[in-house]
Amino acid sequence: MTDALVIGGGLAGAALATHLARAGKSVTLIEREAHAHDKVCGEFISHEATSYLSQLGIDLPAMGAFPIQAVRLYRRGLVGETTLPFAAWSLSRRVLDEAVLGKAAEAGAAVTRGTQVSVLTQFDSPSSAKTSGQDPSHGWQARAGHSMITARDAFLCTGKHDLRGYKRPQGLQNDLVGFKMHFRLDPVQQASLSHCVELMLFPGGYAGLEPIENGSANLCLLIRRRALERIGADWTLLLAWLVEASPPLGERLLHAQPAWPKPLAIAAIPYGYIRRQADGVWRLGDQAAVIPSFAGDGMSIALHSAHRCAGMYLSGASAETYQRVLAADLRAQVWRATALSHLLVRTGGQSLAAAVAAMPALMRLACRKTRIHRHALESSDGNINPSRVL
Ligand SMILES: Cc1cc2nc3c(=O)[nH]c(=O)nc-3n(C[C@H](O)[C@H](O)[C@H](O)COP(=O)(O)OP(=O)(O)OC[C@H]3O[C@@H](n4cnc5c(N)ncnc54)[C@H](O)[C@@H]3O)c2cc1C
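Criteria and thresholds
- Residues numbered from 1 in each chain as written.
- Predicted model: local features only at pLDDT ≥ 70, side-chain atom pairs only at ≥ 80, totals over all residues.
- Heavy atoms only, no water.
- Near = heavy atom within 4 Å.
- Polar contact = N/O pair within 3.5 Å; in protein donor to acceptor, adjacent residues only side chain to side chain.
- Areas by Shrake-Rupley, 256 points an atom, 1.4 Å probe, with all protein chains shown as cover.
- Helix = DSSP H or I, 4+ residues; strand = E, 2+ residues; numbered from the N terminus.
- Nonpolar A, V, L, I, M, F, W, Y, C, P; charged D, E, K, R; others polar.
- Buried < 20%, exposed > 50% of the residue type's maximum accessible area, 1.4 Å probe, protein only.
- Axes fitted to C-alpha atoms, helices over the stretch in contact; angles between N-to-C directions.
- Parallel < 35°, antiparallel > 145°, perpendicular 65-115°, else oblique.
- Left-handed = near helix turned anticlockwise from the far one by under 90°.
- Contact = heavy atoms within 4.5 Å.
- Domains from an automatic or database assignment.
- Buried area = accessible area lost by both parts, 1.4 Å probe.
- Salt bridge = Lys/Arg side-chain N within 4 Å of Asp/Glu carboxyl O.
- Core = buried A, V, L, I, M, F, W, Y, C linked by side-chain atoms within 4.5 Å.
- Patch = residues over 30% accessible without salt bridge, like charges linked within 9 Å, V, L, I, M, F, W, Y side chains within 5 Å.
- Pairing = 2+ DSSP bridges.
- 1 Å grid on protein atoms, 1.4 Å probe; cavity = no way out; pocket = protein on both sides within 12 Å on 5 of 7 lines; lining within 4 Å.
- Points joined across faces, edges and corners; volume = space filled by probe spheres on them.
- Expected span 1.5 Å × (residues − 1).

### Overview of the site of the ligand
Around the ligand, the structure places 36 residues, and the nearest of them are Glu 31, Gly 42, Phe 44, Asp 286 and Met 299. Between the ligand and Ala 12 there is a distance of 3.0 Å, counted from an oxygen atom to a backbone nitrogen or oxygen. A distance of 2.9 Å separates an oxygen atom of the ligand from a polar side-chain atom of Arg 93. Within the complex, the protein chains bury 95% of what would otherwise be the 1000 Å² of accessible surface of the ligand. Elements with a contribution of two residues or more to the shell around the ligand: α1 (11–22), β2 (27–31) and α9 (298–314). For the shell around the ligand, the element with the highest residue contribution is α9, accounting for three residues. Considering only residue class, the shell around the ligand consists of 15 nonpolar, 13 polar and eight charged.

### Quick word on the environment of His 35
Tracing the chain through its elements places His 35 in the loop between β2 and β3 (44–45). On the accessibility criterion, His 35 (61% relative accessible area) is exposed. Distance from His 35 to Phe 66, taken between C-alpha atoms, is 23 Å for residues 31 residues apart in sequence.

### Some thoughts on the packing of α1 against helix α3 (residues 93–107)
At their nearest, the axes of α1 and α3 sit 8 Å apart, and the two run at 20° to each other. Here α3 runs roughly parallel to α1, going by the angle between their axes. Between α1 and α3 lies a crossing whose hand is left-handed. Here Leu 11, Ala 14, Ala 15, Ala 17, Thr 18, Ala 21 and Arg 22 of α1 come into contact with α3, specifically with Arg 93, Leu 96, Asp 97, Val 100, Leu 101, Lys 103, Ala 104 and Ala 107. Partitioned by chemical class, the residues of the contact of α1 with α3 number ten nonpolar, one polar and four charged.

### Focus: the domain arrangement of the protein chain
For the protein chain, the assigned domains are domain 1 (2–66 + 89–167 + 271–383) and domain 2 (176–266). Its C-alpha centre places domain 1 at a distance of 27 Å from the equivalent point of domain 2. Facing the 23 residues of domain 1 at the interface are 25 residues of domain 2. Taking both partners together, domain 1 and domain 2 bury about 2000 Å²; carbon and sulfur atoms supply 63% of that area. Its largest share of buried area at the contact with domain 2, domain 1 owes to Val 40, Phe 66 and Val 345, together 30% of the area lost on that side. Applying the counting rule to domain 1 against domain 2 returns one salt bridge. As a salt-bridge pair, Glu 43 and Lys 180 come within 2.3 Å of each other at their nearest N and O atoms. The tally of links from domain 1 across to domain 2 stands at twelve residue pairs in polar contact (both at pLDDT 80 or more). Elements with a minimum of two residues in the side of domain 1 that touches domain 2: α10 (319–344) and α11 (347–357). Partitioned by chemical class, the residues of the side of domain 1 that touches domain 2 number eleven nonpolar, seven polar and five charged.

### Here's the deal with the nonpolar core
Counting 59 residues, the largest nonpolar core has Leu 16, Leu 20, Ile 45, Leu 60, Leu 96, Phe 155 and Leu 284 as the members making the most contacts within it. At ten residues, the largest contribution of residues to this core is made by α9. In terms of nonpolar packing, the next biggest core, distinct from the first, is built from 26 residues, Met 200, Ala 227, Leu 249 and Ala 256 among them.

### Considerations on a nonpolar patch on the surface
On the surface, Leu 340, Leu 343 and Leu 352 cluster together into a nonpolar patch covering about 230 Å² of accessible area. You can see Leu 352 is positioned in helix α11.

### Let's talk about the pairing of strand β1 (residues 2–7)
The buried fraction of β1 is high, at six of six residues. In this structure, β1 lies alongside strand β9 (residues 147–156), joined through five bridges in parallel fashion. Across the sheet, the residue bridging to Val 6 is Phe 155, located in β9. The pairing of β1 with β2 spans four bridges and is parallel.

### Considerations on the layout of surface pockets
By volume, the second largest pocket amounts to about 320 Å³. Surrounding the second largest pocket, 16 residues form its lining, Arg 368, Arg 371, Ile 372, His 373 and Arg 374 being those nearest its centre. Elements with a contribution of two residues or more to the lining of the second largest pocket: β5 (77–90), α10, α12 (360–369) and α13 (374–380). A total of five residues in the lining of the second largest pocket trace back to one element, the largest contributor, which is α10. Partitioned by chemical class, the residues of the lining of the second largest pocket number seven nonpolar, three polar and six charged.

### Side note on α9
Helix length check: α9, at 17 residues, gives a terminal C-alpha distance of 24 Å against a target of 24 Å (1.5 Å per residue), a fit within 8%. The buried fraction of α9 is high, at 16 of 17 residues. Where α9 ends, the next residue or the one after it, Gly 316, has phi of about 90°, a positive value.

Structure representation (structure tokens):
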């Protein structure tokens, strides 16, 4: 029987597996994708994420990450620009997630790829545990492909994918459809994008554009489902419409070369969802809380949940207590970001956002208030003490 079964090898799962394996726990991690892969994400790495990544041994600049120093918000024409109140980076998820998963394997976690967990059940007194003389009182069994895995504790890190029997509720804003595409921009456009993340508002949604490694740029956008239905659920039609609806975006994409034939897409994202109680399993990352994408802090939350979870698990806390503490860590930040996200996709709200963006101090405040609270970051620090478990 393994100590910890980690389901999902994205940032939350890989970071947790690394922390637990480094602390001497036996860890089995199951990741359904066999190889490095792209994910729908703006690829904006906020300062909390940067600090958690560096604790894991990830050196962003050495991996070619691009520094992001400012945010520009457009509504029709240029509206506002301000320097970020913290250091940020951008790097493709294909590269980042693979590096973090590599740390889990390096730390000694048994990583299985290309297999998905389809069933997860809790048991009491399994016959296999009795015969092997291990603590038989409690555990989990998971079906992964053709294998059955038995574990003392289970950690759900499947991101946007809900496991059967563990479905998340809808959240507070769930009518947005997301798309992501990498582009090679015209050199002039790439240069004027510079070290900025650009947020472009258009009727019914918003797009984020930022430079990533290797001279490319990542376009990630969200649009209300009803607006998309009016345009037609076709990428070529949507792109043509966006270029009209947002002239600054049109200018950036002039002569741009897409990296893939089709974008990645995602629907029914439960923005504003926060897990407040446990159902036995420990939930991390998007399985614990989903912050609206414009905030660019979902990766920080995934890494924070891994840090918080590892610290509390190693200290002997219950899943129930962990889930309550994590919800308290994230509640205010997720609530504020969700309220702003409702505004960002509505005409009146967009006018307000444009007025705020003209005031750099207010824009910086909005950036700060959608980060993980300093006390939550500090109080999760120092909890991971290997001597407690060895
Ligand atoms: C449109 C959009 C833009 C975003 N932009 C940003 C941004 O700019 N900055 C930011 O910080 N955050 C952003 N986010 C949020 C961020 O992408 C997520 O919060 C983060 O990826 C969550 O990490 P995770 O580890 O919980 O899940 P994931 O990264 O999704 O990882 C989950 C993993 O579990 C695996 N898996 C799923 N089901 C199973 C199964 N049954 N068995 C085994 N493996 C399984 C998957 O293959 C995947 O690798 C954005 C999100 C969206 C939707």
